[in-house]
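Each chain, written out:
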Amino acid sequence: MGNFWTLVRFELKKILGKKITWIAFGLVLSTMLAMGIYRIVVTHEVDGVRMSVWEEDMLEKTKQKEIVGRAVDDKLLENMFTAMATSEEAFEPYKYLYNELVLELVGDGLSTGTVEGAKKSLGIAKEEELIYAVRRMRIEENMEMQYLTEGEKEYWRKVLDKDTTPWAYDYYQGAQFVWVGVYTAIVLIAIMLAVCLANLFAEEHQKRTDQLVLCSRNGKKVLYWAKITAGMLFTMISTAIILLATAMPQLFAFGVDGLHAPIQLIVPASAVQMSFGEIILYVYLVAIVAAFLYCSIILCCSELFRNSTVAVVAIIVILVLIPMMIVIPYEYRVLAQIFELNPINVLALWSTLDYRLVPIGGGYLTVYQVAPVLYTVLIVVFLWVGRRAYLNYQVKGR
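As the structure is a computational prediction, the values presented were derived from the model and not from experiment.

A.B. asks: Honestly, the overall build of the chain in this entry has me stumped. Any pointers?
C.D. replies: Broken down by element type, the chain carries 18 helices and 4 strands. Within the span of the chain, comprising 398 residues, buried residues form 51% of the whole. Long-range contacts, defined as pairs at least 24 residues apart, comprise 76% of the intrachain contacts of the chain with a sequence gap of at least 6.

Okay, structure coming up:
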């Protein structure tokens, strides 16, 4: 066991001893910190007064205090329409409510300028609350668009029946930034890990030291797991630091307001029953599991390709660029659903609008329930494949 940890420390020193490791980590860390603090340092003019973006945000927060805690119902919407007709200043507290929630859901129905007129134009009964009636309509439309089965539709209808409404409005901008920041973070983490870890196994083959390593006492089984452990430790520590750098500046600047608010305040057509605090906790935990998955894939490719450059290019193209650039139509149900389980897609805000379910044992699981389990299984699979390739590798004629 002593030999094992000695080897782990040696492999960690190899990773940390490369300039490219510190350059890649430094660039990712500084990017995430910059995204958090730029609102404090960047200034512009607002109504003739020069202020930072953060100061403008705080001004907006003060204006919204008028409606924070109020129920999002027809009465609040009527107040919003009245303020809109009165003056721009009177409308200021309702600006985010209007742009992110009401306009997103109701759309053209707002042209009447009244709640009653919007209900009439959309065919909604007078006794129903406008926001929640329209939301249900939009979700039904989206379920049809995503080709859901009757069983899946019934699952979501039961979820919606249990929904606690009306929602209480809250200032959520800081919580929103913490949530969406993890998407950028996981993309950069995937690239960083590819750059830093792709040569962990490939280096032996490229430098032609594999023959010496494989014939040593710890050259196969022990060394393989020592390399894996070193790679996982680097992944865990670097990912944790980067995620902290993603969240802490936002929480410091905006506080913890909005963590108990429902995510529907910015994704109203989502059927996922989570608050901002719950979705943030989920995506950050899944981001750590996803980082371990990326690590296992990168180390497996490092051994299979035996060339760090090929491994880096393959990982970045397959795990990062393709998921960001390609959208598979809903008609190709199985392929599209598998593709959407990529960590980059799961951690994106728009994944809350994916109603497709995975049938398990007569019931259904959501993408948020399936993803962490699937990633854990894939980690084991890639480690096993890499181990088989490593143990079965034979040095051929040179």
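A.B. asks: Looking at this structure, I do not really get the pairing of strand E1 (residues 43-46). What am I missing?
C.D. replies: Each regular strand displays side chains that alternate between the two surfaces of the sheet. Sheet topology note: the E1/strand E2 (residues 49-52) ladder contains 4 bridges and is antiparallel. Counterpart to Thr-43 in the pairing with E2 is Ser-52.

A.B. asks: What is the right way to read the environment of Asp-257 from this model?
C.D. replies: Within the element layout of this structure, Asp-257 appears in the loop between helix H13 (221-254) and helix H14 (276-305). Since its relative accessible area comes to 30%, Asp-257 is described here as partly exposed. Sequence-wise, Asp-257 and Val-182 are 75 residues apart; in three dimensions their C-alpha atoms are separated by 18 Å. Discounting chain neighbours no more than four positions away, the residues touching Asp-257 are Lys-61, Asp-170, Tyr-171, Tyr-172 and Ala-175. A polar atom in the side chain of Asp-257 sits 2.7 Å from the side chain of Lys-61.

A.B. asks: Can you walk me through helix H9 (residues 150-161) in this structure?
C.D. replies: Since the α-helix turns once every 3.6 residues, residues separated by three or four places project in the same direction. Compared with an ideal rise of 1.5 Å per residue, which puts 12 residues at 16 Å, H9 spans 16 Å between its outermost C-alpha atoms and is within 8% of the ideal. Considered for burial, the residues of H9 that qualify are Glu-152, Lys-153, Trp-156, Val-159 and Leu-160. Buried positions in H9, seen along its axis, are confined to an arc of 120 degrees and lie on one side of it. Facing away from the buried side of H9 by more than 90 degrees, the exposed set consists of Glu-150 and Asp-161. The elements touched by buried residues of H9 are helix H8 (130-145), helix H16 (333-340) and strand E4 (363-365).

A.B. asks: What am I meant to see in the side chain of Ser-275 here?
C.D. replies: Considering the arrangement of structural elements, one finds Ser-275 in the loop between H13 and H14. The residues touching Ser-275, leaving out its near neighbours within four places in the chain, are Leu-259, His-260, Ala-261, Pro-262 and Ile-263.

A.B. asks: Whenever I open this one, the packing of helix H10 (residues 173-197) against H14 confuses me. Can you help?
C.D. replies: How two helices pack is summed up by the angle between their axes together with the distance between the axes. Relative orientation of the contacting elements H10 and H14 amounts to 10 degrees, with a least axis distance of 10 Å. The orientation of H10 relative to H14 falls into the category roughly parallel. Among the residues forming the contact of H10 with H14, the class breakdown is 22 nonpolar, 2 polar and no charged.

A.B. asks: I tried to follow the side chain of Arg-39 on my own but got confused; where do I start?
C.D. replies: Following the sequence through the fold, Arg-39 ends up in helix H2 (residues 19-41). With relative accessibility at 11%, the residue Arg-39 sits in the buried group. When neighbours within four sequence positions are excluded, Arg-39 is seen to be in contact with Ser-52, Val-53, Trp-54, Asp-57, Gln-173, Phe-177 and Phe-254.

A.B. asks: Even after reading the chapter, I still don't get the environment of Ser-351, so can you show me in this structure?
C.D. replies: Mapped onto the fold, Ser-351 is located in the loop between helix H17 (343-346) and strand E3 (358-360). Judged by relative accessible area, which is 6%, Ser-351 ranks as buried. Between the C-alpha atom of Ser-351 and that of Leu-130, which follows or precedes it by 221 residues, the distance is 25 Å. Beyond its immediate stretch of four places on either side in the chain, Ser-351 contacts Asn-345, Val-346 and Tyr-368. A distance of 2.8 Å separates a polar side-chain atom of Ser-351 from the backbone oxygen of Ala-348.

A.B. asks: Please clarify how the confidence of the model for the chain should be interpreted in this entry.
C.D. replies: Close inspection of predicted coordinates is inappropriate for parts of the model with low pLDDT. With 93% of its residues at a pLDDT of at least 70, the chain reaches an overall mean of 85. Ranking the helices and strands of the chain by mean pLDDT puts H14 first, with 92, and helix H12 (residues 210-214) last, with 61.

A.B. asks: Mind showing me how you'd approach the packing of aromatic side chains here?
C.D. replies: Any pair of aromatic rings gets described here by the distance separating the centres and the angle formed by the planes. By the definition in use, this model includes 17 aromatic pairs. Ring plane angle 5 degrees and centroid distance 5.6 Å describe the contact between Tyr-172 and Phe-276, whose orientation is recorded as stacked. Placement of Tyr-172 in the loop between H9 and H10 and of Phe-276 in helix H14 is noted, with a sequence separation of 104 residues between them. A relative accessible area of 0% places Phe-276 in the buried class. Measuring from centroid to centroid gives 5.4 Å for Phe-201 and Tyr-390, while their planes differ by 70 degrees, and the two rings are edge-to-face. Taken together, the residues span a long stretch of sequence, with Phe-201 in helix H11 (residues 199-206) and Tyr-390 in helix H18 (residues 367-392) at a distance of 189 residues. One aromatic cluster is present, formed by Tyr-96, Tyr-169, Tyr-172, Trp-179 and Phe-276 through successive ring pairs.

Definitions and cut-offs
- Think of each chain on its own: its residues are numbered from 1, step by step along the sequence as written.
- Owing to the predicted nature of the model, reporting of local features is limited to residues with pLDDT of at least 70; listing and counting of side-chain atom pairs is limited to 80 or more, with chain, interface and lining totals taken over all residues.
- As a convention, hydrogens and water are excluded, and side-chain values are obtained from all of the structure's heavy atoms.
- Helical segments are the DSSP runs of H or I of at least four residues, strand segments are the runs of E of at least two, and each set is numbered from the N terminus.
- Relative accessible area decides the class of each residue, using a 1.4 Å probe on protein chains only: under 20% of the type maximum gives buried, over 50% gives exposed, and in between gives partly exposed.
- Between two residues, a contact is recorded if the distance between any of their heavy atoms is within 4.5 Å.
- For two strands to be treated as a pair, DSSP must find at least two bridges joining them.
- Pairs of N or O atoms within 3.5 Å make up the polar contacts considered here, provided that, within protein, one atom can donate a hydrogen while the other can accept it, and that residues adjacent in sequence are counted only when both atoms are side-chain atoms.
- Here a helix's expected span is defined as the number of its residues, less one, multiplied by 1.5 Å.
- Working definition: the arc comes from the directions between the helix axis and the C-beta atoms, pointing outward to the latter.
- The angle between two axes is taken between their N-to-C directions and runs from 0 to 180 degrees, where each axis is a line fitted to C-alpha atoms and a helix contributes only its stretch in contact.
- When an angle is under 35 degrees it counts as roughly parallel; over 145 it counts as roughly antiparallel; between 65 and 115 it counts as roughly perpendicular; any other value is oblique.
- Three categories are distinguished: nonpolar for Ala, Val, Leu, Ile, Met, Phe, Trp, Tyr, Cys and Pro, charged for Asp, Glu, Lys and Arg, and polar for the others, with Gly belonging to the last.
- Residue-level confidence of the predictor is summarised by pLDDT, bounded by 0 at the bottom and 100 at the top.
- Aromatic pairing here means that ring centres of Phe, Tyr or Trp (its six-membered ring) are within 6.5 Å. Orientation follows from the plane angle: under 30 degrees is stacked, over 60 is edge-to-face, and everything else is tilted.

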